[in-house]
Structure formats: C-alpha cells, structure tokens
Amino acid sequence: GKTVYLKDYAPPSYIIEKTELDVDIYKGETFVLARLQFQCLDERPQALTLDGEALELLDIAIDGKALDSTQYRCDHRGLTLHNPPERFVLTTRVRILPEQNTSLEGLYRSRTIYCTQCEAEGFRKITYYLDRPDVMSDFITRVSADKNECPILLSNGNKIDGGDLDGGRHFATWHDPHKKPCYLFALVAGDLAKVEDRFRTASGREVTLQIFVEEKDLDKCDHAMSSLKNAMRWDEQVYGREYDLDIFMIVAVDDFNMGAMENKGLNIFNTSCVLAKPETTTDAGFQRVEGVVAHEYFHNWSGNRVTCRDWFQLSLKEGFTVFRDAEFSADMGSRTVKRVEDVAVLRTLQFAEDAGPMAHPIRPASYMEISNFYTLTIYEKGAEVVRMLANLLGPADFRKATDLYFERHDGQAVTTEEFVQAMEDASGRDLTQFKRWYNQAGTPRLSVTDEYDQEQRRYSLTIRQSTPATPECAEKLAFHIPVAMGLLGEAGELALKLADESLDDLPEDNTHRVLELTETEQTFVFTDIPEKPVPSLLRGFSAPVKLDYQYSRADLATLALHDSDGFNRYEACQKLALATIQDAMLAYQQDTLAEFVPDSTLVQVYRLLLEDNSLDQAMLALMLNLPSEAYIAEEQEVIDPVAIHFARRQVAAYVGSELAELFRLRVSAYDPTREYRAQSDDIALRSMKNAALGYLMLLPTAEDLHLCLNQLARANNMTDEMAALTALVCCEDNTAQEQARDALTAFYQKWQDEPLVVNQWLALQARNPIPGALERVQALLQHPAYDGNNPNKIRSVISVFCNNNPLNFHTGTADEPDAGYRFLAEQILQLDSKNPQIAARLITPLTRWRRYTGDRGQAMRLQLQRLADQPGLSPDSYEIVSKSLN
Ligand code: B3K
Ligand code: ZN
C-alpha cells in the first residue's frame, strides 16, 4: 500500500480549461473520445501524468497530430506525456467495458441503466484526466446510444443539442456552464420514466425538476419531489443560496455503493434514498429520503460551487453539508428527536471508530485509499464541529460567516482553513485553538466534579479534559469545548451568575450558559446559588465528547423528569438505563441473572413519563428505548457481547412486564386503519405505539400476541407492518415462533416484487437475535431474493448480521464459536475483487478485535490475518486490515 500525505500537496502544473467528451455506448463496450484543453500554470514540467485505470487507449494526439510511442507512456495507472507544450489540446480515444464493471465506480451498468459514479477517483476509469478536485473545467458531453435501449441520455448542465443517428442510434449533447472538478461529472443512459415539477427561485427563475426512475416506480417519487422543493426553499431562506441551473435532475439506480451522489445538476441516487410510498416504506425510510435528497441538493453550494482542494479536505463539504441537512430535517420535523437520533449514531459508531485502529482527524494527514475515508468521522463528527462553530458564533454571525465563505470562494477549490478563516473574519473571534478539532483524532473525555458551599452560596464545577492516544498522535493538546449547561434546584431551573460576570451582561435566558473549556482543567464558580443543584451538563450534546459525572439515580430521575433541555432528559434516561443494565451484567457474570431484580428507579421514571400527556410521543419513545447493544459495548472497557445482550434483554423484559398495562393501552388505542401521513406528529404516535408493542412482545400474553397479529394483518403502512413482523419474529415464545415462520413466508409472497421491501425482510432476519442466526443468514444467501453483486442486498444481510446481531455474530454456531468471524472473512474475500469499496467496509466489525476478551479477540484477529495473507487483496481492504493488525 502506498500512503498519500497532506504535507505533499502541490498545486497542479496544468489546468484543463475545457473538457469535451463523446461517449458512445454500444452493447458490451463503450468508446470515449476526449478533447482536453490544457494550459500550463507555472514552469513547464518535463512530463505530465494523467490518471487512467482500466482504459484501453486506441488513439492519442496533441493539437491534432498523432503521437508516436516516444512521446508518451501508458501503464495501468495512467498516461505520461513527455515534454508537453505550454498550451495544447490532447485528444484520446479509449475503450471501456461498463457491463463488466462490478466496482460500481466509473461508468457501469445497473440493471438496464448505464450510469456513473466518479467521486472520489472514478473519473479515471472513464478517460485519461487530471483526476483531482482542484482541476476545474468546463464540460461539454455528447452521449450516444441505441435509441430503443437507451431513450434517455443525460449529463450535467443544460441540454444543447440532440437527434437521431444512423443504425437506430441517437445522441444528446449537454453543456455545464459551471466549472467543476471531474468527480462531479455524471452521465446516464437508459430506459427511464420521469416525474416532473417546477420550482420558482427567490429571484424568480423557473427551474425544471425531474426524477428519473424505472416505470414501475413512478408511484414512489412524490416524497422525494416535495423534499427537494422544501430543501430548495430552505436553502434560500436559511443560507441565502439559490439554485443556479435551469434544470435539476435526480436518477434512481438499484446498484449503488452509497446513498447518493451530488453530481452537478444530475444527482444519482440509490433507489433506497429516493423511492417512498406508505405501503412499502417505513417512517425511517421517509425521513431518510428527505434527508438524503436535501443533503445532495445542499452540496450544490457546499461542495460544488465551493469545492475541496484535495481529498484531505473532504469534511469541508461533507461535515458542513451533514450539518446543513440535519438542521433542515430538524426544521421539517421535531428538532430534539432529530438531535437525539443523530447523537445516538455518533456516540455508537463514530466514537467506536475514533477509539479504533482507523481513527483519524476530520482532516486526516494521510491515507492509502480515499474511499476508506468516507467515514462517520468525516461526516458526523465533521458536522459536530460545524455545529460547535455555529453555536459559538450564534445565528447572526454564523450566517455572516457562511455568506462570506460562499462569496469569497465561489468557483474555488479550498481547504478547511479557509472555512474557519471565514468564521473568524465574520465574527472577530480567534479560533486558533478551536482548529485542533480538525487535526487531532479521538473522543475527548470530560470528568466533571462539583462542590457546593452552603455558607457562601457558591457552586463550583471543575471540568478536566483528556483525550486518549490515537494512531496518528499520542499526546493531545487541549480542545476548545463548548459545554452548554444549567442547574436544577428543588423548584426548577436556577438563575445563573458566574463569579466573573457582571450583572449588566447577564444573558436574557439566565438559566442557561455555554461554558468554554479551553484548558486541561478549569473551574467555573457560580454565585448566589441557594441550594445544592443537580447540574444539567452538555445540553443538546454541545460537543462530541464523553462526559463523566457521578450522578445518583435520584439526580438522573430529576433530570429525566424536569430538565428544560429535551436532549438531556433523554440522556438522563439513557444513563439510568445503562446503570440498570450494568447491574444486570454483573449479575450475569455472577450467574445470578435469572433472580436479578432491577433497581426500580428506571421503571418509576418511565411510568411518570408515560403518564405525562404533554410529552412529544416520539421523544417519549426515544426515552423509553434502552441503550442499544452497540452503545453499551462502547461504554465497556472489555466488551462481552453475550453479557450485554442478556442483561439488556432482562431489563427490557422487566420494564415490559412492570408497565404492561400502560403499553397495552397505547397499542389498543391506536386505530390501524387511520390514514397514513409521513408527518412528524403521526410518526411520533406510531413510534411510541410500536415501542410499546415491542415491550409487550418480550413476554407476551395471548392478548398481546393477538394485538401484534392484528396489527400485522391490518396495517395500511410499512411502519406498522414491519414493527409487528419484527416484534413477532424476535419473540421467543413458541406459539409466536410458529406464527413468525408463516408470517415471514407470507410477507415475502406479498412483497417479492418490491426490492426495497425485500431488503427490509432480509435485514429483519439477519438481525433477529434468536439463536441460529448464522444458519439463517447462510440460507438467505441462497435465496432467489439475494444478489451478491448488489450493495443493498449485501448490506441488508451481511452487514446487518455482523454489526446489528452481536450475540449471534460473536457466538457463531454451537460447534464453532468463531463461525461468525469466518463467515465474514469468506464473504469479504469473495467480494474483494468484485467491489473493493464494499468489501473494505464489511471489515469494520473485525477491526475492533482488541476490545474483546481473550479467545474472542484472538479469533477475530485470526480472520484479519487470513485477509492480510490473501495475495492480491485490494488496496481498499489492505489499508483497513493492515492498520487493524498493527
Ligand atoms: N459525496 C458522495 C459520497 C461519495 C462516496 C464515494 N466513495 C455522497 C454524499 O456525501 O453526498
Ligand atoms: Zn455529502
């Protein structure tokens, strides 16, 4: 593996002013003619190397004159021109094989559709080019293909020409007036149907909106279309950003390595992130479509108009755009719910990444394979860093700063430095220390202690920060950490005054403060505090850190019931539940779990919450949701997945039986024929009712089982149907198990022609914790519904089993406890040469081997070693395997 370093960055010696492509698609082969206008920027180099992979060079000429073999050199990585002129037009013609391209990068075929994926370095699989984001060019693309096979021919920008050709073929020519790096290039050819709508921008321009899908999916585009229009309006109102072309197109394809791609004017989407209708799509699915449509649209400014100088700057566009889409979703639905959901992902998956062998700062200093760096750190932690900036600056200055950033850098390829510079210039704040968030990895840990002095009426909070060593850096400098907080007294929130604050500059909301921690240790003293308070710390999860404070269970109950901060109410429930589950884990380890009776605080709090009619039902559902096994694992020094599973289950069953009456009321009060709307208050009702059903089905009475089957039979939407099926399938009761087998068969019969529903059906079976999951998963791989080349199917079965079914993944089969690990290694080996990006992603669960007890950890390591020993392993997988073994 070859490592690329940020410190080696050098600007390109040439730019490509103009890019003209003729892409001629034939059955089995495609020809790409490229005319590139090169211009040298500084001293003329002796050689110029263009990137190119899996290309067969047919012709090459400079300024119309064919080159002889002394003038260039071609190998499997690119094309080198010897002694190139100052300014010239390079013409190349290559042959590529999209039908055989299983990597889903470059030009490939998904079912009947030809499409492209170029980010990060896929354009080099289409033609020889300077495949780097700081080379921005004007693109004219002419596509031709058989008119019957491919009636639709698309590329970026506006269509400027089109017509029929000989032999039943036709062509279309597209011009993108905005200069762009080649990673934003896109091309689509196929037999697609479309829905069309219009949007009038704030300045009054009319934009045509089109969503292209297979004919059978035309009935599933409404939600994506309305999400798109909402996103366009929101970006105008919140960021002052207007769309800049006459047409905006979305194309949905089944085979796609990730969610979607923001190609200029022509977004290409995984069908899973576009298609939605109530009968086939869960509430979570609807919200994902809304979020991803918005995310890709927002990239038009944060990513396309202002792009990245190099791939080390990836979080410049991704962190910022995730922050933008999260705020959009918060505005469309419930703000606190969205925040809780996002923090849950961050704290389980990103924190684990930050504590593992692949830990990297949001602006990494090196990488081997850039595809491996589309991570939770770059995306989610990157978004947290932007969120901290937005909160430190406040809404007015943050808007000034983003305006400045977009105006100053429009049409440029920039770095995260420039982003922070705009924040500093617009606000006048010094963010020197803050910038450490960009180049130090690892999750900071805050240890908080407090002291109350009754006589002086003083309350002091001492906060210490420390960050564990990560592979790139052992000694961390102190971070600049905003800690939003308040203090709760007997009768509610206390008025706050810090010892060094003057009475004149107290904020309007005097019960809330943002403490700015900049030292390794700092003490904040509050005066005039009448009683010993319960501190509400890190409100809204104001920084991506772990926080330790010795709360009593009574303190947690107080926060859960009375804090004004919705996030911290949820957080208090999580902490209380975690403590209860940890008690149960102790009992498990002492072999007394069967007799274990949990501390009653948790159930008391849950009962009061359930009886509080003023609560948002979605928040209530989240508060009643026990911490996931992954989150509990993240909190353990050494992970025992078996103890975690059974302890959590025991506590859940206890909650379910103690509160059964209240839960039954929720389920039976819900009318299953009520009309479906994917709107936040309806989503909230369903989520609470389905949480209640889940609890009841842990130890169901005959009545509960009946409620569940009734919901399964009568549901008019996939949220309720899937919730009932899940509760039934995961229920250990024997009668339920019999019913579950029939229900799974019937469900497949009913939905076999809807691939996205079949994916949910596969995923449910893969994550079902009941013993025997590995055998069930192996059987699913043989099922006609499975397709080992389709990333969505691979994710639904293999990723879900290995990541979301820890009990079965880590215990394997009765005879072979390491069977789960060996299964995963085999799947990775099978996939690695076909689709290295997806193969490399599958490795993640094995990389955590150091966190597991003796035998388990060693067995996981052994499978990593097996991958490492494989000759010809892809660079993608090699990077992850080698870093994890180190
Ligand atoms: N920018 C793309 C991700 C591309 C991943 C390439 N391996 C989608 C997004 O973040 O919007
Ligand atoms: Zn993105």
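Predicted, not measured: the structure shown is a model, and the values here were computed from it.

What counts and what doesn't
- Residues numbered from 1 in each chain as written.
- Chains lettered and ligands numbered in written order.
- Predicted model: local features only at pLDDT ≥ 70, side-chain atom pairs only at ≥ 80, totals over all residues.
- Pairing = 2+ DSSP bridges.
- Helix = DSSP H or I, 4+ residues; strand = E, 2+ residues; numbered from the N terminus.
- Axes fitted to C-alpha atoms, helices over the stretch in contact; angles between N-to-C directions.
- Near = placed C-beta within 6 Å.
- Domains from an automatic or database assignment.
- Contact = placed C-beta atoms within 7 Å.
- Nonpolar A, V, L, I, M, F, W, Y, C, P; charged D, E, K, R; others polar.
- Parallel < 35°, antiparallel > 145°, perpendicular 65-115°, else oblique.
- UniProt positions renumbered as here; feature names shortened; annotations may be inferred.
- Left-handed = near helix turned anticlockwise from the far one by under 90°.

A.B. asks: Hey, could you run me through the sheet that holds strand S10 (residues 106–110) in this one?
C.D. replies: Pairing between the strands of a sheet is mediated by backbone hydrogen bonds and can be parallel or antiparallel. Spatial ordering of the open sheet is given by S10-S11-S16-S13, a layout of 4 strands whose pairing is antiparallel. One side of each edge strand has no neighbouring strand; the edge strands of this open sheet are S10 and strand S13 (152–155). Direction aside, the axes of adjacent strands within the sheet are offset by 15° on average. Pairing between S13 and strand S16 (residues 187–190): 4 bridges, direction antiparallel. The residue bridging leucine 153 from the neighbouring strand is alanine 189, located in S16.

A.B. asks: Would you mind going over the sheet that holds strand S4 (residues 47–51) with me for this structure?
C.D. replies: An order of S4-S8-S7 is seen for the 3 strands of this open sheet, with the pairing classed as antiparallel. Strands with a single pairing partner mark the edges of an open sheet, and in this sheet they are S4 and strand S7 (72–75). Across the sheet, the axes of successive neighbouring strands diverge by a mean angle of 15°, strand direction being ignored. In this sheet, strand S8 (residues 78–82) lies alongside S7 in antiparallel orientation, the contact comprising 4 bridges. Looking across to S8, one finds that tyrosine 72 is bridged to leucine 81.

A.B. asks: Help me out: how do you make sense of the site of ligand 1 in this one?
C.D. replies: Residues in close proximity to ligand 1 include Glu119, Ala120, Met258, Ala260, Met261, Glu262, His295, Glu296, His299, Glu318, Ser371 and Tyr374, which together make up its full environment. When residues of the shell around ligand 1 are traced back to their parent elements, those giving at least two are strand S20 (260–261) and helix H2 (283–298). Two domains each put at least three residues into the shell around ligand 1: domain 2 (213–300) and domain 3 (311–439).

A.B. asks: Looking at this model, I keep getting lost on the domain arrangement of the protein chain. Mind explaining?
C.D. replies: According to the domain assignment, the protein chain contains domain 1 (14–191), domain 2 (213–300), domain 3 (311–439), domain 4 (446–478 + 480–550) and domain 5 (752–886). Taking only C-alpha atoms into account, the centre of domain 2 sits 30 Å from that of domain 5. Facing 9 residues of domain 2, the contacting portion of domain 5 comprises 9 residues. Looking at the side of domain 2 that touches domain 5 residue by residue, the class counts come to 2 nonpolar, 5 polar and 2 charged.

A.B. asks: Even after reading the chapter, I still don't get the packing of helix H3 (residues 314–332) against helix H5 (residues 376–409), so can you show me in this structure?
C.D. replies: Relative orientation and spacing of two packed helices are given, respectively, by the angle between their axes and the distance between those axes. For the pair H3 and H5, the least separation of the axes is 7 Å and the interaxial angle reads 70°. In terms of orientation, H3 and H5 fall into the roughly perpendicular class. Here Leu314, Ser315, Glu318, Gly319, Phe320, Val322, Phe323 and Ala326 of H3 come into contact with H5, specifically with Ile378, Tyr379, Glu380, Gly382, Ala383, Val385, Val386 and Arg387. Its residues assigned to classes, the contact of H3 with H5 comprises 10 nonpolar, 3 polar and 3 charged.

A.B. asks: Before we go on, may I ask you to explain the UniProt feature "domain: Aminopeptidase N-like N-terminal" (unreviewed entry) in the protein chain in this structure?
C.D. replies: The positions that UniProt labels "domain: Aminopeptidase N-like N-terminal" (unreviewed entry) are, in the present scheme, residues 43–184. In the segment residues 43–184, helix accounts for 0% and strand for 54%; the C-alpha atoms at its two ends are 29 Å apart.

A.B. asks: Quick question: what am I supposed to make of the packing of helix H9 (residues 566–589) against helix H10 (residues 601–611) here?
C.D. replies: As a packed pair, H9 and H10 sit with axes 9 Å apart at the nearest point and diverge in direction by 150°. One element, H9, and the other, H10, form an angle in the roughly antiparallel class. As for how H9 packs across H10, the hand of that crossing is left-handed. Across the interface between the two elements, Cys573, Leu576, Ala577 and Thr580 of H9 pack against Thr601, Leu602 and Val605 of H10.

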